[in-house]
Amino acid sequence: MPNRTAVDTDVAVVGGGPVGTLLARELALLGVRVTVLEKLPAPTGESKAGTLHARTAQTLHRRGLLEAVQPGPPAPPVGLGPVPFHFSGMFDLDLARVVPEGPVMVGSPQAYAQEVFGAEAERLGARVLRDRELVGLDEEPDAMRLTLRDSRGAEAGTLRASWVVGADGARSAVRRLTGIPFTGTPARVGALIGEVRLLDPARAPQGWQRSPRGWTLVWLNLFGRSRVCTYDFRGPHPDRQAPVTLDEFRAEVERIAGHPVPMDSPGWLTRFSDAALQAEHYRLGRVLLAGDAAHVHFPAGGQGVNLGLQDAVNLGWKLAAEVHGWAPHGLLDTYETERAPIAEAVLENVRAQVALMDPDPRMDSLRTLFARMMHFDEVNQYLGGMISGVDVQYDTGGPGDPLAGRFAPDVRLKTGDSVTSLAELLHGARPLLLLLTGSEDLLNAVEPWRSRVDVVTATAAEQLGTDALLVRPDGYIAWSALGTAGDADALAGALACWFGDPA
């Protein structure tokens, strides 16, 4: 068992955005002492992202957080008709056709979600320290020493942590101080985004509009500030960090739209690009990366925050196992082997979308053809599964097991006189062995892991195609009784592989 008294905190999470706060919540839920370090003195309230896709919604449902992150009424369940979504600005996908469970999409502004996750993390015992910027990261025997300063430039002390997770965005201080390379394709698009009051909404270009000069995106709010975005394909901004003025913003919208678009009262304005970069390693010793610190791309389809939130849930239980001393060899390394290919695939689909968004009229015919193709079932299934995340499947090492690595479906379950669901059984972020028959062999096999694995015998309201499932805390199946590896010995092997030696 690691010596947890020799450090100030088990895990220091650098970055208090939605990824960092959700990770802190996952760790605190599992009894890990976690400290979140956020360099901003107070939340800005800015939300550059606001869409949670299906797999993220399903994952949050398995923690009992789905309704909490929705500031309005709960999103409607699947099965109520088409849910159009875009690929490269062409709204020809129907995500409802690829999502088998829960809401297809959830409206959850980034700032709201991180507030919910942060409050939950603190409720469970995490510390959230604001006005703490990381300026030094030094390795010591069995720990990392973090040197901090405040927004005035004054020293803000040091912190010793057994583990450090950088969830501090695309310009991650953790990644930079650790020296992990961030590589990929450079920017070729200069984009602006902000919230402004539109003085003549009828003259504003509504929704997504493509012209030979670029793109404008307008999410109209007649009662306050509207979200406005521009894409300029002539090249990236000369200075990515330069402040955006209202005059620059107004002029760019007018240039692309081809007519004046009066506006005032900016809430916030910023610039971004289509650089697609990924950390060459997600882990270096006692330091790990998650969210935009590990991967960054053009915000096409709102995939970035979803990618990061799923990083957090994949990493949380594995890092907790390491802290508590029972993680099997190599468990923590599966965070990178599982999540890095998912991020790489997202970067690739976003690069393809940016290429298709080129405003040059020579792209018109290609876009028309591509839009028609999206109405084919196979194309809709492929692209919709990619955007929504429901196509994510891991190699959990179960040869002969067709369910291993898939996301376990949420089914209603009857246990004695009680009715529950698979999602509800995962609220505590513990592994679950679900038995749909009273197999003595399987019960005997799991007995040595009872302190780590919840065992539930139940009757399912619908067919699962198997009599037993071993489900990881992140909702993915580690083993099933279906196929050639469905016996008690194979179950014991899966338990040891994912949850360590018998207690």
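**Regarding the side chain of Glu 338**
Along the chain, the position of Glu 338 falls in helix H7 (residues 334–356). For Glu 338, a relative accessible area of 7% gives the class buried. Residue contacts for Glu 338: discarding those within four places in its chain leaves Asn 314, Lys 318, Tyr 394, Arg 472 and Trp 498.

**Comments concerning helix H1 (residues 18–29)**
The end-to-end C-alpha distance of H1, which contains 12 residues, comes to 16 Å, matching closely the 16 Å that a straight helix rising 1.5 Å per residue would cover. For H1, the tally of buried residues reaches 11 of 12 residues, placing the bulk of the element in the interior. Restricting attention to buried positions, one finds in H1 the residues Pro 18, Val 19, Gly 20, Thr 21, Leu 22, Leu 23, Ala 24, Arg 25, Glu 26, Leu 27 and Ala 28. Looking one or two residues beyond H1, the residue adopting positive phi is Gly 31, at roughly 80 degrees.

**A few points about a negative patch on the surface**
Where like charges cluster on the molecular surface, the negative patch consists of Glu 440, Asp 441, Asp 487 and Asp 489. For Asp 487, a relative accessible area of 42% gives the class partly exposed.

**Some words on the nonpolar core**
Formed by 108 residues in total, the largest nonpolar core has its most connected members in Val 11, Leu 146, Tyr 231, Phe 298 and Leu 470. For this core, the element with the highest residue contribution is helix H6 (residues 303–324), accounting for 11 residues. Non-local contacts of Phe 298, meaning those with residues more than four positions away in its chain, are made with Val 189, Ala 191, Tyr 231, Phe 272, Ser 273, Asp 274, Ala 275, Val 350, Val 354 and Met 357.

**Examining the sheet that holds strand E23 (residues 432–435)**
Sheet architecture is open: 4 strands sit in the order E24-E23-E26-E27, paired in mixed fashion. Because the sheet does not close on itself, it has two edges, and the strands there are strand E24 (454–457) and strand E27 (477–480). Taken over all neighbouring pairs, the strand axes of this sheet differ in orientation by 15 degrees on average, direction set aside. Sheet topology places strand E26 (residues 468–471) next to E27; 3 bridges connect them, and they run antiparallel. Each bridged residue has a counterpart across the sheet, and for Leu 470 the counterpart in E27 is Trp 479. Packing of helix H12 (residues 488–499) onto the sheet brings it into contact with E23, E26 and E27, and relative to E27 it is tilted by some 165 degrees.

Conventions we followed
Residues numbered from 1 in each chain as written. Predicted model: local features only at pLDDT ≥ 70, side-chain atom pairs only at ≥ 80, totals over all residues. Heavy atoms only, no water. Helix = DSSP H or I, 4+ residues; strand = E, 2+ residues; numbered from the N terminus. Buried < 20%, exposed > 50% of the residue type's maximum accessible area, 1.4 Å probe, protein only. Contact = heavy atoms within 4.5 Å. Expected span 1.5 Å × (residues − 1). Patch = residues over 30% accessible without salt bridge, like charges linked within 9 Å, V, L, I, M, F, W, Y side chains within 5 Å. Areas by Shrake-Rupley, 256 points an atom, 1.4 Å probe, with all protein chains shown as cover. Salt bridge = Lys/Arg side-chain N within 4 Å of Asp/Glu carboxyl O. Lys, Arg positive; Asp, Glu negative; His and termini not counted. Charge placed at Lys NZ, Arg CZ, Asp CG, Glu CD. Core = buried A, V, L, I, M, F, W, Y, C linked by side-chain atoms within 4.5 Å. Pairing = 2+ DSSP bridges. Axes fitted to C-alpha atoms, helices over the stretch in contact; angles between N-to-C directions.

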